[in-house]
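Reading the structure
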Amino acid sequence: MPEYQTHEYDVLIVGAGGAGLRAAIEASAAGAKTGVVTKSLLGKAHTVMAEGGMAAAMGNVDDRDNWRVHFADTMRGGQYLNNSRMAEIHAKEAPARVRELEAWGAMFDRTKDGRILQRNFGGHRYPRLAHVGDRTGLEMIRTLQDHGVHQGIEFHMEATIVTLLKDGERCVGALAYDRERGQFRVLHAKAVVLATGGIGRAYQITSNSWEYSGDGHALAFHAGAALLDMEFVQFHPTGMVWPPSVKGILVTEGVRGEGGVLRNKEGKRFMFDDIPENYRSQTADTEDEGWRYTQGDKSARRPPELLTRDHVARCINREVKAGRGSPHGGVYLDIAWIKEKLPNSVEHIKKKLPSMYHQFKQLADLDITREPMEIGPTVHYVMGGVLVDAETQMSTVPGLFAAGECGAGLHGANRLGGNSLSDLLVFGKRAGEYAAKFAKENRAGQLPKDQIDAAARWALEPFDRGAAGVNPFAVQHALQEVMQNLVGIVRREEEMLQALEKIAELKQHAAKAGVTGNREYNTGWHTALDLNNLLTVSEIVTRAALERKESRGAQFRDDYPTKSEEWGKYNLRVQKGADGTVNIARAPVIPLTEEMRQVIEEQK
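Described in the following lines is the structure provided in the data block. (Residues numbered from 1 in each chain as written. Predicted model: local features only at pLDDT ≥ 70, side-chain atom pairs only at ≥ 80, totals over all residues. Heavy atoms only, no water.)

1. Here's the deal with the overall build of the chain
Counting secondary structure elements, the chain contains 16 helices and 19 strands. For 604 residues, the compact-globule estimate of 2.2 N^0.38 gives 25 Å, and the chain sits close to it at 23 Å. Dimensions along the principal axes, computed over C-alpha positions, put the chain at roughly 70 × 50 × 50 Å. A total of 604 residues make up the chain; the buried ones form 64% of that total. When contacts within the chain are restricted to residue pairs at least 6 apart in sequence, long-range pairs at least 24 apart make up 73% of them. Looking at the chain as shown, the accessible area adds up to about 22,000 Å², and 48% of this sits on carbon and sulfur atoms. Taking the average location of the 76 positive side-chain charges in the chain and that of its 79 negative ones, the two points are 1 Å from each other. (Helix = DSSP H or I, 4+ residues; strand = E, 2+ residues; numbered from the N terminus. Rg over C-alpha atoms; globule rule 2.2 N^0.38 Å. Buried < 20%, exposed > 50% of the residue type's maximum accessible area, 1.4 Å probe, protein only. Contact = heavy atoms within 4.5 Å. Areas by Shrake-Rupley, 256 points an atom, 1.4 Å probe, with all protein chains shown as cover. Lys, Arg positive; Asp, Glu negative; His and termini not counted. Charge placed at Lys NZ, Arg CZ, Asp CG, Glu CD.)

2. As for helix H4 (residues 136-148)
The terminal C-alpha atoms of H4, which comprises 13 residues, lie 18 Å apart, in line with the 18 Å expected from a rise of 1.5 Å per residue. Among all positions in H4, only Thr136, Gly137, Glu139, Met140, Ile141, Thr143, Leu144, Gln145 and Gly148 are buried. Structurally, H4 contributes buried residues whose contacts are with helix H1 (18-29), strand S3 (54-55), helix H3 (84-103), strand S5 (129-130) and helix H11 (419-441). (Expected span 1.5 Å × (residues − 1).)

3. Quick notes on helix H12 (residues 449-465)
Its 17 residues give H12 an end-to-end C-alpha distance of 25 Å, which sits within 8% of 24 Å, the value for a rise of 1.5 Å per residue. If you look at H12, its biggest bend is around 30 degrees, right at alanine 459, and the proline proline 462 turns up within four residues after that. Among the residues making up H12, those that are buried are Ile452, Asp453, Ala455, Ala456, Ala459 and Pro462. Where H12 is buried, its residues contact strand S7 (159-167), strand S8 (170-178), strand S9 (184-194) and helix H15 (523-547). Downstream of H12 by one or two residues, glycine 466 has phi in the positive range, about 55 degrees. (Bend = angle between axes of the 7 residues up to and from the residue.)

4. Concerning the sheet that holds S3
If you trace the three strands from one edge of the open sheet to the other, you get S3-S5-S4, paired in antiparallel fashion. Each end of this open sheet is capped by a strand with a single partner; those strands are S3 and strand S4 (118-119). Looking at chain direction, S4 and S5 are connected through two bridges and run antiparallel. For arginine 119, the partnering residue across the bridge sits in S5 and is leucine 129. (Pairing = 2+ DSSP bridges.)

Shown next, in the form of structure tokens:
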């Protein structure tokens with residue numbers, strides 16, 4: 001195939017965030033020739049934006065913590081829709097993965113006796129998050145890159161996948177284009193690992209970076225792989241709301257872990273007004289008890305600001321809707337108040353939350369050591385993703401694996417803060433290990449020239465339409481408005497049906513998208529191609545949210561405001577029909593083993 005530059009790999013990894021790099025390191029260590037495709041430059045993956053820490057039951061700060069408590073917390077946070085085996089593997093293996101990262105050079109914050117320090121976070125019973133100030137994701141990427149760059153891994157930077165390639169039922173690689181020159185590359189591989197992150201760019205207000213256009217989810221779906229739990233989109237409770245240019249940028253949960261409190265415009269700590277029954281026994285009764293918890297008092301219970309993200313986000317939304325919000329449509333997050341408790345509060349905040357101090361100072365001209373922040377919910381994470389085997393991370397398509405945010409199962413209906421970074425390490429490692437094993441046991445499949453040619457032709461069509469075509473940026477903006485307003489934090493059937501009509505219209509517009517100029521770093525062209533993935537995941541999220549007629553975890557249906565015992569028995573499995581439609585079916589939740597039941601009962 002002389003018209004395409006072709007590269008041969010045992011294992012191809014799509015994405016260079018935490019999961020992708022950890023998978024690449026493991027596959028390479030197993031002797032597999034490994035290639036990594038990253039949409040941006042190496043070191044710029046969205047993982048660098050993860051701030052608070054990685055959850056692992058190491059017991060360094062509170063020796064009552066262990067894998068059993070972590071497992072029970074994860075299952076409770078996910079409303080028991082989690083793949084319980086994945087939750088067990090994660091809880092058991094996370095400490096070893098964190099220590100491994102430390103051995104590779106990660107500079108964690110330390111306890112007085114030199115162990116890795118761990119902080120409090122929402123939904124975790126004990127201080128469990130290993131962290132580096134509020135820049136933990138950046139340290140993870142730095143460490144994995146420093147370790148991995150010497151392993152003989154080949155990197156394709158600023159390259160985007162157009163389609164996955166199949167030989168019969170098996171995935172045998174991908175067609176990509178490089179963003180700088182616009183040239184196509186055929187990446188032939190015995191196994192492919194998707195580690196592409198989330199879908200946040202389908203929404204108007206999101207903490208996610210520009211790369212998060214649902215690529216892995218959509219690529220897998222169009223390749224015939226099953227997806228799971230796509231209705232569950234997490235709104236992080238605390239994103240910046242002012243000024244408009246920074247709306248949605250994440251404000252780490254670490255602020256609340258260090259004692260930050262939420263107040264409405266009347267100055268009231270409103271989180272004490274609404275504590276879910278299944279968390280009541282673990283939640284502080286008084287403000288003083290909540291403060292003592294954040295300072296390490298083992299006899300105290302956590303403040304309500306550290307309840308699960310779905311609940312905190314809805315409480316903030318309620319205050320704003322009731323007219324008790326801040327001037328710019330949020331509420332106040334106050335860490336400055338700790339000056340009442342700590343004489344050195346200014347230095348303490350700057351040391352514990354250096355990125356947050358600089359973020360607000362530079363972007364909002366606000367000093368968080370002296371004034372409260374204005375914050376509001378922002379689309380942050382999707383619990384749904386590619387359905388994978390708990391042990392191997394292989395999808396329902398042979399040779400296609402997924403890890404990290406684009407995989408599904410671990411988090412159920414709602415992810416606990418900090419579980420994502422350790423998820424990347426635990427399941428990134430497993431994906432790389434088993435992808436290399438699959439590559440050793442299977443010969444390379446045939447490259448399908450017809451698929452490659454058809455995908456390349458499709459990718460170039462926007463140039464044929466030129467200036468007469470539809471503006472791709474306008475389509476993307478319209479889609480983001482639809483998803484934000486009609487499939488957002490609170491959902492109703494009539495609004496989601498309206499969203500489906502609008503998505504269908506936008507699909508027609510996207511099919512007529514036109515761009516001018518040449519193929520060299522043409523952002524209009526890139527956006528036109530991304531629209532296919534954004535529209536695919538938007539339709540899937542909307543149809544799954546319509547199908548689940550209850551409120552659970554991150555899904556809140558105003559027309560079905562309570563949890564349903566019947567719906568608690570099912571995940572929603574999504575697959576592409578023969579006619580290209582989105583097919584949704586109920587899949588029974590994986591049952592708990594007797595040991596798992598006992599663990600959960602112990603921790604109630």
